[in-house]
Amino acid sequence: MFKNLFVNTTQSVIGAINRLENQAAKESSVSNLEDTVKEMQDAVDGLSENTLSVRDSVDDSGDGMKVEMRMLQDRMVAKLDELKSSVDLMTRRMDEEDEKLNLLSLNLLAQDCQDLYVTSANTSGVYFLQRFGRKVLCDMEDGEGGWLVVQRRIKAAQQVDFNRDWLEYKTGFGELESEFWIGNGFLHVLTNQKTYEMKVEMLDYEKGAYWASYSAFRVGSEEDGYPLDLGNYTGNASDAFTYHHGRKFTSYDRDNDLYDVGNCATFFSGAWWYDRCYDAHLNGIYPSTPDRQNASFITWWAHEEGRKVPLVLTEVTVKLKPKQD
Ligand SMILES: [Ca+2]
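As a starting point, this report considers the structure included with it. (Residues numbered from 1 in each chain as written. Predicted model: local features only at pLDDT ≥ 70, side-chain atom pairs only at ≥ 80, totals over all residues. Heavy atoms only, no water.)

## Quick notes on the overall build of the protein chain
Rules: Going along the chain from the N terminus, every DSSP run of H or I of four or more residues is numbered as a helix, and every run of E of two or more is numbered as a strand. Any residue under 20% of the maximum accessible area for its type is buried, any over 50% is exposed, and the rest in between are partly exposed; the area is computed with a 1.4 Å probe on protein chains only. Computed with a 1.4 Å probe, the accessible areas rest on the Shrake-Rupley method; for each residue, only the protein chains presented here act as cover.
Counting its regular elements, the protein chain contains seven helices and 13 strands. The 325 residues of the protein chain split such that 46% are buried. Taken as a whole, the protein chain presents about 16600 Å² of accessible surface, with 49% of it coming from carbon and sulfur.

Below, the structure written as structure tokens:
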């Protein structure tokens, strides 16, 4: 009686497992595969229990039957081992598929360089942000990485002209590998997704490297004149940018500055969040022959030994990263 019960139950369980194995092999969807593997695991558990309970009963039976049952048991154990490795393999395949899908969706949904950084993109360079259909320059090597560069000035074979109109500053210009302005339209979209911290890295032609960080950086809409919203300063360059907090953007063809009798962008050759007119002006003229008297050069006013001196910058990188809580 035990034998028949055992053989029948075992055969039906093996039948179910074989069916599930075939199904799993054909399964392409990860969620269906998950269900199938779960069923297989339940079936294997059922078979284990069944084997154990029948073995206890067999110990009380006659010798002939014992031998026969032992043989059946050996076959069952072999089959169980086979099934367990099959389930393991299937589970690993599912985990791999999950990981691939996860990376793919993270990549498709990436809002900035930080989102790319968490998908193991840890080399600095030009990346493509799928959701915006545009290339961006990412600095993945400064600190924890994940910085998106929004403006850059550097010595180039041919310097990029930063004395441009409202529309060009809106759409952006220059080359990511060289000098560029990312565009106020994108700056507005980008900085309204999350709270971003901002960092400016600067190189004065004589004095060397400086940096300034702001705990928040947000740019308002075009209708409002792309107003600048800044957080708190830290750095070694002096806080020259807070003077521009709350100011609208001004280009030579759109005067939003606080200077009543003229346009600061016209005076200082480059669009910016002018007040009356500036303490920092990173879109000024590239100083091919630098001197501290020319107020149109790329400038950041620094406090040094109790007096204000203009840094004249031959390298600037402005970059953003989501603020970490
Ligand atoms: Ca004005």
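## A few points about the packing of aromatic side chains
Put simply, the rule is: Ring pairs are drawn from Phe, Tyr and Trp, using the six-membered ring of Trp, whenever the two centres fall within 6.5 Å, and their geometry is named by plane angle: stacked under 30 degrees, edge-to-face over 60, tilted for the rest. Comment: the charge-over-ring label is applied if NZ (Lys) or CZ (Arg) is within 6 Å of the ring centre and within 35 degrees of the ring normal.
Inspection of the entire model under this criterion finds 21 aromatic pairs. Relative to W273, the ring of W181 has its centre 5.9 Å away and its plane inclined at 55°; by these criteria the two rings are tilted. In this pair, W181 is assigned in strand β5 (residues 180–181) and W273 in the loop between α7 (264–268) and β11 (280–281), connecting sequence segments 92 residues apart. Residues W181 and W273 agree in their burial class; the two are buried. A cation sits over an aromatic face here: R131 above F132, 5.8 Å from the ring centre. Sitting above the plane of the F186 ring, R134 keeps its charged end 4.1 Å from the centroid.

## Topic: helix α3 (residues 63–109)
Note the threshold: Expected span of a helix, by definition, is 1.5 Å for each gap between consecutive residues, and there is one gap fewer than residues.
End to end, α3 covers 67 Å across 47 residues, agreeing with the expected 69 Å (1.5 Å per residue, within 8%). For α3, every residue scored as buried is listed here: M69, L72, Q73, M76, K79, L80, L83, S86, V87, M90 and M94.

## Structural notes on unusual backbone geometry
For the bond from R276 to C277, the omega torsion is 0°, close enough to zero to count as cis. You will see that S269, though not glycine, has its phi angle at about 50°, which is positive. Looking at where S269 falls in the secondary structure, it is placed in the loop between α7 and β11. Given a relative accessible area of 16%, S269 falls into the buried group. Although it is not a glycine, E305 adopts a positive phi angle of roughly 50°. Its place among the elements puts E305 in the loop between β12 (299–304) and β13 (307–322). On the accessibility criterion, E305 (80% relative accessible area) is exposed.

## Details of a nonpolar patch on the surface
To be explicit about the condition: Like charges within 9 Å and nonpolar side chains (Val, Leu, Ile, Met, Phe, Trp, Tyr) within 5 Å are joined into patches, using only residues over 30% in relative accessible area that form no salt bridge. Should a side-chain nitrogen of Lys or Arg be within 4 Å of a carboxyl oxygen of Asp or Glu, the pair is scored as a salt bridge.
A surface patch of nonpolar side chains, about 400 Å² in accessible area, is lined by L101, L104, L108 and L109. If you trace the backbone, L108 turns up in helix α3.

## What about the coordination of the calcium ion?
We apply this condition: Only nitrogen, oxygen and sulfur atoms qualify as donors, provided they sit within 2.8 Å of the metal or within 3.2 Å for Na, K and Ca; with water excluded from the atoms, sites may seem incomplete.
Taken together, the protein ligands of the calcium ion are D255 (OD), D255 (OD), D257 (OD), Y259 (O) and G262 (O), with distances of 2.1 to 2.7 Å. Within one chain, the residues donating to the calcium ion are spaced in sequence as D-x1-D-x1-Y-x2-G. Classification of D257 as buried rests on a relative accessible area of 10%.

## Describing the nonpolar core
Cut-off, in case you're wondering: Here the nonpolar core consists of buried residues drawn from Ala, Val, Leu, Ile, Met, Phe, Trp, Tyr and Cys, with membership extended through side-chain atoms lying within 4.5 Å. Any two residues whose heavy atoms approach within 4.5 Å at even a single point are treated as in contact.
Formed by 61 residues in total, the largest nonpolar core has its most connected members in W181, L187, F217, F241, W273, L282 and W300. Per-element tally for this core: the top contributor is β13, with six residues. Discounting chain neighbours no more than four positions away, the residues touching F217 are L187, T191, Y196, M198, L228, D229, L230, F241, W273 and L320.

## Describing empty space enclosed by the protein
The test is simple: Using protein atoms alone on a 1 Å grid, points that fit a 1.4 Å probe yet trap it form a cavity, whereas open point sets bounded by protein on both sides within 12 Å along at least five of seven lines form a pocket; residues with an atom within 4 Å of a point count as lining. Grid points are joined across faces, edges and corners, and a volume is the space filled by probe spheres set on the points.
Under the counting rule described, the total for this entry stands at one cavity of 30 Å³ or more. The volume enclosed by the largest cavity comes to roughly 70 Å³. In this structure, the largest cavity is lined by V150, Q151, W181, L187, M198, F217, F241, W272, W273, L282, N283 and V318.

## As for helix α6 (residues 184–191)
The test is simple: Note that the arc is computed from the directions linking the helix axis to the C-beta atoms.
Inspection of α6 places N184, F186, L187, L190 and T191 among the buried residues, and these make up the whole buried set. All buried residues of α6 fall inside an arc of 155° around its axis, so they share one side.

## Let's talk about the pattern of salt bridges
For the structure shown, the criterion picks out 16 salt bridges. Here K319 ties to D142 by a salt bridge, and the two come within 2.8 Å at their closest N and O atoms. Highlighted residues: K319 in strand β13 and D142 in the loop between β2 (134–139) and β3 (147–153), separated in sequence by 177 residues. Given a relative accessible area of 0%, K319 falls into the buried group. Across the pair E179 and R153 runs a salt bridge whose closest N-O atoms are separated by 3.2 Å. In this pair, E179 sits in the loop between β4 (173–174) and β5 while R153 sits in strand β3, placing the two residues 26 residues apart along the sequence.

## Notes on the side chain of D204
Cut-off, in case you're wondering: Identification of polar contacts relies on pairs of N or O atoms within 3.5 Å, with a donor-acceptor requirement for protein atoms, meaning one able to donate a hydrogen and the other able to accept it, and with residues adjacent in sequence counted only if both atoms are side-chain atoms.
Turning to its location among the elements, D204 is positioned in strand β6 (residues 196–204). Separated by 2.9 Å, the side chains of D204 and R292 make a polar contact. Not counting residues up to four positions away in its chain, the partners in contact with D204 are Y210, R292, P310, L311, V312 and L313.

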